[in-house]
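# Structural overview for review
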Amino acid sequence: MVDRETILAEAVKLGADIIAVSGLITPSLYQMEEICREMNSRNMSTPLLVGGATTSALHTAVKLAPLYGHVFHGADASAAAVMAKKLMMDRDGFEAEQHAAQEKLRALYASSDAPKENDVKYTPILAKTAEVPVPEDIPARELSAEEVMPYFDWKMFYAIWGVKYGSASPEAMELMQLRQDAEEELALGNFIIRVSARFMNACTDGKDIITEGRRLPMLRQENGGRRSLCDFLAMQAAGKTSPFGVFTISVKARKNAHEEGCCCPACSNKYEDLVAKAVRMTLAEAASKWLDQEILRFAQNDREAQNDREARNEIKVIKPAAGYSSCPDHTLKGDIMDMLSGRYNLGIKLTESYAMVPEASICGMIFLHPEAGY
């Protein structure tokens, strides 16, 4: 989230032939529009390559290219390197080819059946009419390692470390050593696992989640079933409500470590710090699974009290986290933190770009619905 003025000042200082920016989170898309506007206002002609998880060729053609005539999308680092080489060898030919491709994408977008802005037609989910109870709140509390470890997923630990499960034998010397070091880190207990969850009644108007006088805007799929997370709540027009929750989980080092005293938790590249960080992140996911079971246990106990076995078996719980594919708006983290203030506060801090500190933190919403999924 480096500001556009800093990027462009450095490019001018270095006499850069090409500027490249990468966006990993949704707010970056807006920043890319801003840098395009700024480069256009300065009458610049330096090629701008954009890439990253939130970008696409379509977004670049429809949203960015009209703002700046020399912006191009690179699918990944390798593609961007090839594009850079082509730009250096034959810029005019490369730009002509890219502009033609972008024009085709804009034409397809304009003529397609893809929903455009303000088109909110969709087919609401017709859920089975099982009455789902509102679970009890979980004020901020510390979880013990014994409560969380049954859900500790070694596959995820290896994935965080960068080892795709199945790509190497678990008996490989490196993995055996890594697991041993991780188990030693767990045995030290140098972590604090905390969780909080708050539940309330909510409804939807088909666009937003409406609860306690607050509106949480939800995005809707642009194709397929046109689903939105708000579909798992009762419609406001029907005069009914559904259970809805928000939660946070954090795992921080018990002793003063890099994560506690630095604004950039990823600044340390020491092996032992990387192992500890991967352990904490896996513990956070394990705590999330613990929370799943607590919510289901409450719902099932309520159903058993009512002898409603069929309805009890229908209840599903999902916990989409803010900033991920089903809910890519990172700014919702601020709303969730506000709803979890007071006795639900875990002390998680948000940076200007809505990254969470401690890094091993999760922030999201909770839906209980017979057809819940994402």
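As the structure is a prediction and not an experimental result, all values here were calculated from the model.

What follows is about the sheet that holds strand S2 (residues 48–51). Spatially, the three strands line up as an open sheet ordered S1-S2-S3, and their pairing is parallel. Both edges of this open sheet fall to strand S1 (19–22) and strand S3 (71–73), since each of them pairs with a single strand only. Put simply, the sheet's adjacent strands are angled 25° from each other on average, direction ignored. Looking at chain direction, S1 and S2 are connected through four bridges and run parallel. The residue of S2 that forms the bridge with Ser22 is Gly51.

Secondary-structure assignment places Ser288 in helix H10 (residues 271–305). Sequence-distant contacts of Ser288, that is, excluding residues within four places in its chain, are made with Ile249, Lys319 and Ile362.

Tallied over the full model, the rule gives eight aromatic pairs. Measuring from centroid to centroid gives 5.4 Å for Trp154 and Phe157, while their planes differ by 80°, and the two rings are edge-to-face. Of this pair, Trp154 and Phe157 both sit in helix H7 (residues 154–161), separated by three residues, roughly a single helical turn. Across this residue pair, the class does not change: Trp154 and Phe157 are buried. One residue, Arg179, lies across the ring of Trp154, its end atom 4.1 Å from the ring centre. When the ring centre of Phe247 is taken as origin, the NZ or CZ atom of Lys319, which lies over that ring, is 5.3 Å away.

Procedures and definitions
Residues numbered from 1 in each chain as written. Predicted model: local features only at pLDDT ≥ 70, side-chain atom pairs only at ≥ 80, totals over all residues. Heavy atoms only, no water. Pairing = 2+ DSSP bridges. Helix = DSSP H or I, 4+ residues; strand = E, 2+ residues; numbered from the N terminus. Axes fitted to C-alpha atoms, helices over the stretch in contact; angles between N-to-C directions. Contact = heavy atoms within 4.5 Å. Phe/Tyr/Trp six-rings, centres within 6.5 Å; stacked < 30°, edge-to-face > 60°. Buried < 20%, exposed > 50% of the residue type's maximum accessible area, 1.4 Å probe, protein only. Lys NZ or Arg CZ within 6 Å of the ring centre and 35° of its normal.

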